[in-house]
Amino acid sequence: MESVNEKTVRDLASSNPAAARIFEKYGIDCCCSGEKSLAQACGTAGVSLQEVAEALEKPQAQSRDRGWANASLTELSQHIVNKHHAFVRQEIKRLVPLFAKVVEAHGKNHPELEQMQSSFRALADELAMHLMKEEGMLFPYVEQLEDAANRGRRAAPPMFGTVQNPVRMMMMEHDSAGEILRKMRQAASNYTLPEDACMNFRMLYQALQEFEMDLHQHIHLENNILFPRAIELETAKG
Ligand SMILES: [Fe+2]
Ligand SMILES: [Fe+2]
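These numbers come from a predicted model, not from an experiment. (Residues numbered from 1 in each chain as written. Chains lettered and ligands numbered in written order. Predicted model: local features only at pLDDT ≥ 70, side-chain atom pairs only at ≥ 80, totals over all residues. Heavy atoms only, no water.)

Q: How do you make sense of the side chain of His-85 when you look at a structure like this?
A: By the element assignment, His-85 lies in helix H6 (residues 73-106). Taking the relative accessible area as the measure of exposure, His-85 reaches 0% and is therefore buried. Residues contacting His-85, with those up to four places away along its chain left out, are Ile-80, Leu-131, Glu-134, Glu-135, Phe-139, His-218 and Glu-222. (Helix = DSSP H or I, 4+ residues; strand = E, 2+ residues; numbered from the N terminus. Buried < 20%, exposed > 50% of the residue type's maximum accessible area, 1.4 Å probe, protein only. Contact = heavy atoms within 4.5 Å.)

Structural data, given as structure tokens:
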């Protein structure tokens with residue numbers, strides 16, 4: 001078991017398709033704390049290292065995640081766009097009016113809702129730009145890199161110098177999005193529903209938790225799999 005404890009969260013998340021889900025369950029941040037060892041990350045999250053290590057070592061027959069570590073980068077980036085980017089856009093569209101209804105009905109008794117609403121607006125604006133940068137600039141270059149490598153060539157140098165520049169920027173933006181969601185969760189007392197919560201209130205809290213979980217999975221695929229592999233591909237001697 002010792003070997004698992006010493007591994008970094010990032011290594012575990014990229015080699016075990018079920019790990020991201022297990023980390024989510026135990027409140028271990030696998031997007032922004034990828035460099036930490038499992039032992040350190042469990043300490044930060046205040047959870048039992050032994051319990052997490054055992055969950056990681058159990059065979060996960062029920063896992064619906066596929067192992068992306070061996071998929072092509074083109075396949076992975078298309079999956080990210082089709083599944084996660086589409087989900088972010090769809091949910092923002094749905095949650096903006098839902099937030100307005102809940103704030104209108106409950107904002108007086110629950111002032112934290114208004115604070116969360118403005119955080120969510122800021123998050124929605126940041127994410128809209130972020131997705132555009134990935135889809136318009138970074139992902140097409142990653143696909144070009146892979147296509148060139150498959151044909152035994154080197155890709156033409158990109159306008160942004162090296163893939164490491166947009167990757168660094170995207171990772172900073174991921175940290176910022178993660179931070180906003182953390183603050184929202186805190187303001188919502190871990191999404192504990194108050195007794196007077198109506199149907200819309202429940203729907204909103206449920207949706208925000210799903211939004212957070214999906215974003216963590218999404219950031220994990222980028223930070224821990226897509227980006228490191230793209231950097232490796234670019235630096236490999238052709
Ligand atoms: Fe993305
Ligand atoms: Fe991203």
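Moving on, there is more to tell.
Q: Explain the packing of aromatic side chains here, please?
A: In the structure shown here, the tally under the stated rule is five aromatic pairs. Summarising the aromatic geometry, the rings of Phe-120 and Phe-211 are spaced 5.6 Å apart at their centres and angled 70 degrees between planes, so their arrangement reads as edge-to-face. With a gap of 91 residues between them, Phe-120 in helix H7 (residues 112-150) and Phe-211 in helix H9 (residues 199-235) connect regions that are remote in the sequence. Residue class for Phe-120 comes out buried when judged on its relative accessible area of 2%. Members of the aromatic cluster, joined through ring pairs, are Phe-99, Phe-120 and Phe-211. (Phe/Tyr/Trp six-rings, centres within 6.5 Å; stacked < 30°, edge-to-face > 60°.)

Q: Got a minute to help me understand the pattern of salt bridges in this structure?
A: Opposite charge on two side chains allows them to pair when their charged atoms are near. Counted by the stated rule, this structure contains seven salt bridges. As a salt-bridge pair, Arg-89 and Glu-135 come within 3.0 Å of each other at their nearest N and O atoms. Here Arg-89 is found in helix H6, whereas its partner Glu-135 is found in helix H7, with 46 residues between them in sequence. (Salt bridge = Lys/Arg side-chain N within 4 Å of Asp/Glu carboxyl O.)

Q: Help me understand the coordination of the iron ion (ligand 2) in this model?
A: Protein-derived coordination of the iron ion (ligand 2) comes from His-130 (NE2), Glu-134 (OE), His-174 (NE2) and Glu-222 (OE), at a distance range of 2.0 to 2.2 Å. Considering all four donor atoms around the iron ion (ligand 2), angles at the metal cover 85 to 172 degrees and the coordination shape is irregular. Taken in chain order, the donor set of the iron ion (ligand 2) reads H-x3-E-x39-H-x47-E. Separating the iron ion (ligand 2) from the iron ion (ligand 1) is a gap of 3.2 Å, bridged by Glu-134, which donates to each. Separated by 44 residues along the polypeptide, His-130 in helix H7 and His-174 in helix H8 (residues 164-187) bring together distant segments of the chain. (Donors = N, O, S within 2.8 Å, 3.2 Å for Na, K, Ca; no water. Tetrahedral: all angles 85-135°; square planar, octahedral: opposite > 155°, others 65-115°.)

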